[in-house]
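Survey of secondary and tertiary structure
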Amino acid sequence: MLGELEQVVLLAVMRVGRDAYGVPIHDEIERRAGRDLTLGTIYKTLSRLETKGLVASHVGEPTSQRGGRRTRCYVVSAAGKQALQATFKSLRRMASGLDVGLEPST
Amino acid sequence: MIRFCIWILERALLPDFASPVIGDLIEQQDRGSLWMLGETLSALWCLHRPPRLGGSLLRSVVSDLRVAARLLRRSPTFTIVSVLTLGLAIGATTAIFSVVEPVLLRPLPYPDAEQLVFVWERDPDGARDNVGFATFRDLITQSRTLERAAAIGDWQPTLSDKDDPERVQGDRVSWSYFRTLGVRPAVGRDFTEEEDSPGHSDVVILSYGLWQRRYGGDRAMIGRPISIDGNPYLLAGVMPASFDNVLTPTAKIWRVLGYRDQPWACRTCHHLRMIARMRRGEALAATQAELDVIMTRLVTAYPKEYASIGTVVGRIQGETTRNVRPALLALCGAVLLVLLIAVANVVSLQLARATRRSEEFAIREALGASRSRLIRQLLTEGLLLAALGGVAGLLVAYTSLPQLIRQLPPTLPRLSAIRIDVGALGVVTAIVVLLALVMGLAPVRGRSGALADTLRAGRRLTGTPNHATRAMLVVGEIALAAMLLVSAGLLGRSLIRLLDVDAGFDATHLLTLEINSSGPKYPNDTTVFDYHDRVREAVRALPGVTGVAVANQLPLGGNVDTYGVTDPANVPANPELVPSGDRYAVSVDYLETMRIPIVNGRGFTASDATAGGSKVGLVSVALAQRMWPNENPIGKRFRVGGADAPSRTVIGVTGNVRHSGLDAKTTMQWYIPERQSLFADNEEILIVRTAGDPAALAAAVRRTVRAIDPTQPIDKMSTMDDVVSASTSQRRLALVLFGAFAVAALLLAIAGIYGVLAGSVSERARELGVRSALGATPRAIISLVVGQGGRLSLLGIALGLGGSVALTRYLRSLLFGVAPDDPATLAGVCVLLAAVTLAASLIPAARAARIDPSTALRSD
């Protein structure tokens, strides 16, 4: 099962889509979840996810706006999506029958 | 900041992440340097490269820090008390040093500032006196050791170029003033030598602040006339923003002196201060000797124009801070005592903790921890605690320093240079590191090596060796607290004595303000006097006003306006040796309004308020006694202001008034109706006696005066009570700070003695249990514990009194009417300390009495 931070970061990477690197991932999490994570935390989580094979990364192009530094872009792998599904499934099972508003509205 | 962050990150981050993280940071750099720093720290924490060399050391330091942080969190009371204690003490120390360093120690912000000196005439009693212009000119032309010199006179012009006239503090200075200091205007030019003569001297230079505030920093104004006192003055230049005018810190505008050949350029016109720059390489003593020789020559050449017998030459910094130096140094001493107490207290807390943790350490040692590893753990804890205390101290200093500055006199030089600077920070850091070492190592010293010993110690009946150290620390704390309490007590008694001094007038229900009459609307003295009369009439008509008067100066208002008083029937060979008295040119109702008693003869009547009639005057008791000892002064005649001045008949004698300070030696006064004065004063004090609260009438009085002439500024409005209390403000400041330090010291000492006794009671629980099992009554046990506290307290008090007697003589210049070894203060402090330490021992004593013998013994 994925940690809470891992879930948030994975979902953010999927939401950003192409060119998902630190800044847009951070902004997406801030906008949707209202959490102001530091870039260090985000990259640390991504590196852990990459070790587990849940995301893959490639080096992007350097731009002048970034002082000539390259980006490191992430995509969620198939295993990553499965891990998310498994986590959500178990959460739903845990919540089923409880009045906590987690039941999918049918 | 950003460059620094990148530099760190490039070296410390995992290579895979360095480039993306730095790129992200650069992309977002407009979020500010604080954000950048936070992100950098976080990235370092999350993504740091594994250390190569000394990796295990770093790891263990980090783990020590984590353990230390956890331990401190687990005993919050200990942590909070320690950090607060350290924070207050470090903060207070930093704040005081931040004031003392720039004011007393840092060189003045002028090139070769140590060559700059004040030159005073030296009166026969050794006092410093201003110089006259002729003396100033002779000193500088005849001196070889002085390179340049300048004379400074007081000047308070009214800026009259806009709708709101404004009085500003300024100086009239020699053309060479700024050149002597070694500074130049930032915009425009300096004064020229030609301008320093009558008819050419309507030239001014502004301070940067005044130029910005009132004239919006308009460069086009430079070289053009601005309106001052209703007349055009050429604005020559503006001083740089960085120029700190230590000679008159409040001056914002300078006008060239232009005294040459004027009647007030005489030798006896003592109203100029003289500064000079000694030639490079000249020593102060050589200059002093040379100027004394020149002065002696002048006194011989003009025997009737000098009362002085030589000169006083002193460095500018020392001379400008002469009055505050004793108070600031005393505060330094006091704050150091507080710091010592705080350190003692925290070390004592740390020892108590070590005693509680001795079994933990023994077990850790037994499980294989090396002794050095344990020491390092303790050091880390001490360092962390000291660092937290340091941060708290910085916070305290940052919040308290602005308050402190607000309490300092605005005339104190270098006020603007006071800030928490690197020097003060260095002091804090040094203190913190020192504390870390002391605190870290104290528990190790109290530790015995072997596990068995320590575990066995648990069965001991009496206290541990740490206990003796803590008891000593408490004795020290009480002694230091006693010294601070004695100092605060002496200062407090001084202030009470001072406020008991009869000022000679009734300060209650009086409102005072400065009114002005300058500019083309007031071409001669009569127009000025008429204006005063109109103002008095209008204000008297206000409801709630019971009396109105005007005077050229106020008692205790900080003015110096003295004249030599001569008996025409008895002129001494050297006219400069006649007594000088405070000049009071007043409206006829002044004495009545101030409630200054007439002890002999009569006061002024309305008929005295004419220029034509026979000239009359009143003298104070002290002046009468000095002029005509053992004679009836009524009907005698006196003369002020030169041999050709008219003589006046004494019609009455007034009570003495404290003019220059409640704590200053009594001066002598003479009073004349202002219409009989030789000249009118353009700045006048309006004094309003009210039936109720004088402050409540302030707005109405201001409106009324303004309605009579809206072009004239109204200044310095305050109640007479405030004027009196402002004259004691430095004593108040010293008292407030000493009082605060003393209270803090007392609280720390109480906490200390409580801590020691409470610790001792819990350590001796078994012993006390045995005692009560063997028949000791609760009363006996209470007296046992209280006796233990009492012994510590008495020892501390005795040491403290000894220390006080040794140290309070340094306070002597701050005391008034109280001896440094005032028995009442000493006795009061003894009783207070004995009482509070007794109270502090009662709680642990009561706990000791409640120990149930069966529980205490069973725990074995």
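Rules and cut-offs
- Residues numbered from 1 in each chain as written.
- Chains lettered and ligands numbered in written order.
- Predicted model: local features only at pLDDT ≥ 70, side-chain atom pairs only at ≥ 80, totals over all residues.
- Heavy atoms only, no water.
- Helix = DSSP H or I, 4+ residues; strand = E, 2+ residues; numbered from the N terminus.
- Buried < 20%, exposed > 50% of the residue type's maximum accessible area, 1.4 Å probe, protein only.
- Contact = heavy atoms within 4.5 Å.
- Areas by Shrake-Rupley, 256 points an atom, 1.4 Å probe, with all protein chains shown as cover.
- Buried area = accessible area lost by both parts, 1.4 Å probe.
- Salt bridge = Lys/Arg side-chain N within 4 Å of Asp/Glu carboxyl O.
- Polar contact = N/O pair within 3.5 Å; in protein donor to acceptor, adjacent residues only side chain to side chain.
- Nonpolar A, V, L, I, M, F, W, Y, C, P; charged D, E, K, R; others polar.
- Expected span 1.5 Å × (residues − 1).
- Disulfide = S-S within 2.5 Å.
- Core = buried A, V, L, I, M, F, W, Y, C linked by side-chain atoms within 4.5 Å.
- Phe/Tyr/Trp six-rings, centres within 6.5 Å; stacked < 30°, edge-to-face > 60°.
- Lys NZ or Arg CZ within 6 Å of the ring centre and 35° of its normal.
- Patch = residues over 30% accessible without salt bridge, like charges linked within 9 Å, V, L, I, M, F, W, Y side chains within 5 Å.
- Lys, Arg positive; Asp, Glu negative; His and termini not counted.
- Charge placed at Lys NZ, Arg CZ, Asp CG, Glu CD.
- pLDDT = per-residue confidence, 0-100.
- Pairing = 2+ DSSP bridges.

Examining the overall build of chain B
The secondary structure content of chain B amounts to 26 helices and 24 strands. Principal axes of the C-alpha set define a box for chain B whose edges measure 105 × 75 × 60 Å. Residues counted as buried form 50% of the 860 residues belonging to chain B. For chain B, long-range pairs separated by at least 24 residues make up 81% of all intrachain contacts whose partners lie at least 6 apart in sequence. Looking at chain B as shown, the accessible area adds up to about 38000 Å², and 60% of this sits on carbon and sulfur atoms.

Topic: the overall build of chain A
In terms of helices and strands, chain A carries four helices and two strands. Seen in sequence order, chain A has helices and strands lined up from the N terminus as α-α-α-β-β-α. Once the C-alpha set of chain A is aligned to its principal axes, its extents read approximately 55 × 25 × 25 Å. When the 106 residues of chain A are sorted by exposure, 38% land in the buried category.

Considerations on the interface of chain B and chain A
With 21 residues of chain B at the contact, the number on the chain A side is 20 residues. Ranking the residues of chain B by area buried against chain A places B:F17, B:D24 and B:E27 at the top, with a combined share of 30%. Summed over the shared surface of chain B and chain A, the result is three salt bridges. B:E27 is the salt-bridge partner of A:R66, the closest N and O atoms lying 2.7 Å from each other. There are 12 residue pairs in polar contact (both at pLDDT 80 or more) connecting chain B and chain A. The set of elements that each furnish at least two residues to the side of chain B that touches chain A consists of α1 (2-12), α2 (15-27) and α3 (33-47) of chain B. With 11 residues, α2(B) is the single largest residue contributor to the side of chain B that touches chain A. Looking at side-chain class alone, the side of chain B that touches chain A contains 11 nonpolar, four polar and six charged residues.

What to know about the side chain of B:T93
Along the chain, the position of B:T93 falls in helix α5 (residues 76-105). A distance of 2.5 Å separates a polar atom in the side chain of B:T93 from the backbone oxygen of B:A89.

Some points on α5(B)
When the terminal C-alpha atoms of α5(B) are compared, their 41 Å separation across 30 residues agrees well with the 44 Å that a helix rising 1.5 Å per residue should span. Counting buried positions along α5(B) yields 21 of 30 residues, so the element is predominantly enclosed.

Remarks on the state of the cysteines
Residues and elements named next belong to chain B. For the coordinates displayed, the defined rule picks out one disulfide over all chains. Across the disulfide from C266 sits C269; the S-S distance is 1.9 Å. Across the S-S bond of C266 and C269 the torsion is about 100 degrees, and the bridge reads as right-handed. C269 gets classed as buried once you look at its relative accessible area, which sits at 16%.

Comments concerning the nonpolar core
In terms of nonpolar packing, the biggest core is built from 85 residues, with B:I96, B:V99, B:L404, B:L484, B:F738, B:F741 and B:L833 touching the most fellow members. Ignoring sequence-local partners within four residues, the contact set of B:F741 consists of B:A92, B:I96, B:L331, B:A334, B:V335, B:V338 and B:L484. Formed by 38 residues, the second largest nonpolar core is a distinct cluster that contains A:L37, A:Y43, A:L49 and B:F17.

Some words on the packing of aromatic side chains
Applying the stated criterion to the full structure yields 18 aromatic pairs over all chains. On the basis of an interplanar angle of 65 degrees and a centroid distance of 5.9 Å, the ring pair of B:Y208 and B:W211 is categorised as edge-to-face. Here the residue B:Y208 and the residue B:W211 both occupy positions in helix α8 (residues 208-215), the gap between them amounting to three residues, near one helical turn. Using a relative accessible area of 31% as the deciding quantity, one classes B:Y208 as partly exposed. Members of the aromatic cluster, joined through ring pairs, are B:Y110, B:Y177, B:F178, B:F191, B:F243 and B:W254. Its guanidinium or amino end placed over the ring of B:F17, A:R72 lies 5.9 Å from that ring's centre, counting from NZ or CZ. In this structure, B:R267 is placed above the aromatic ring of B:Y302, and the distance from its NZ or CZ to the ring centre is 3.6 Å.

Observations concerning the environment of B:L757
All names here are of chain B. Mapped onto the elements of the fold, L757 is located in helix α22 (residues 729-763). The spacing of L757 and I205 is 552 residues in sequence and 68 Å in space, taken between C-alpha atoms. L757 has contacts with V785, Q788, G789, S841 and P844, leaving out every residue within four places of it along the chain.

Quick word on unusual backbone geometry
Residue and element names in this part refer to chain B. In this model, D229 sits at a positive phi of 50 degrees, which is unusual for a non-glycine residue. Among the structural elements, D229 can be located in the loop between β9 (225-228) and β10 (231-238). Despite not being glycine, K716 has its phi angle at roughly 50 degrees, a positive value. One can find K716 in strand β24 (residues 714-719).

Examining a positive patch on the surface
Taken together, A:K44, B:R66, B:R70, B:R73 and B:R74 make up a surface patch of like positive charges. Looking at which element gives the most residues to the positive patch, the answer is helix α4 (residues 55-74) of chain B, with four residues. Tracing the sequence through the fold places B:R74 in helix α4.

Topic: the environment of A:T71
Residues and elements named next belong to chain A. Residue placement: T71 occurs in the loop between β1 (55-59) and β2 (72-76). Taking the relative accessible area as the measure of exposure, T71 reaches 9% and is therefore buried. As a C-alpha pair, T71 and Y21 span 50 residues in sequence and 6.5 Å in three-dimensional space. Beyond its immediate chain neighbours, meaning those up to four positions away, T71 contacts Y21, H58, V59, G60, E61 and R66.

Some details on the confidence of the model for chain B
A low pLDDT means the predicted coordinates there should not be read in detail. Mean pLDDT over chain B: 86, with 94% of residues reaching 70 or higher. Note on residues 459-463 of chain B: pLDDT is under 50 here. Beyond four places in sequence and across chains, it has 10 contacts.

Some points on the pattern of salt bridges
All names here are of chain B. If you walk through the whole model with that rule in mind, you get 38 salt bridges over all chains. Linking E767 and R764 is a salt bridge whose minimum nitrogen-to-oxygen distance equals 2.7 Å. Of the two residues examined, E767 and R764, each falls in the buried class. A single salt-bridge network, built from bridges that share partners, covers D530, D533, R536, R540, D589 and R675.

Overview of the pairing of strand β12 (residues 273-278) of chain B
Residues and elements named next belong to chain B. With five of six residues buried, β12 lies mostly within the body of the structure. As judged from the four bridges shared by strand β1 (residues 116-122) and β12, these two strands associate in the antiparallel manner. Following the sheet pairing, F118 is matched in β12 by I275.

Describing the pairing of β10(B)
Residues and elements named next belong to chain B. The pairing of strand β7 (residues 187-188) with β10 spans two bridges and is antiparallel. By the bridge assignment for β10, G188 is matched with G237. One ladder, built from four bridges, connects strand β8 (residues 203-206) with β10; its direction is parallel. Following the sheet pairing, V204 is matched in β10 by L235. For β9 and β10, the ladder comprises four bridges, and the chain directions are antiparallel. Bridged to I228 within β10 is N231. Where β9 hands over to β10, the hairpin turn is made up of two residues, of which D229 adopts a positive phi near 50 degrees.

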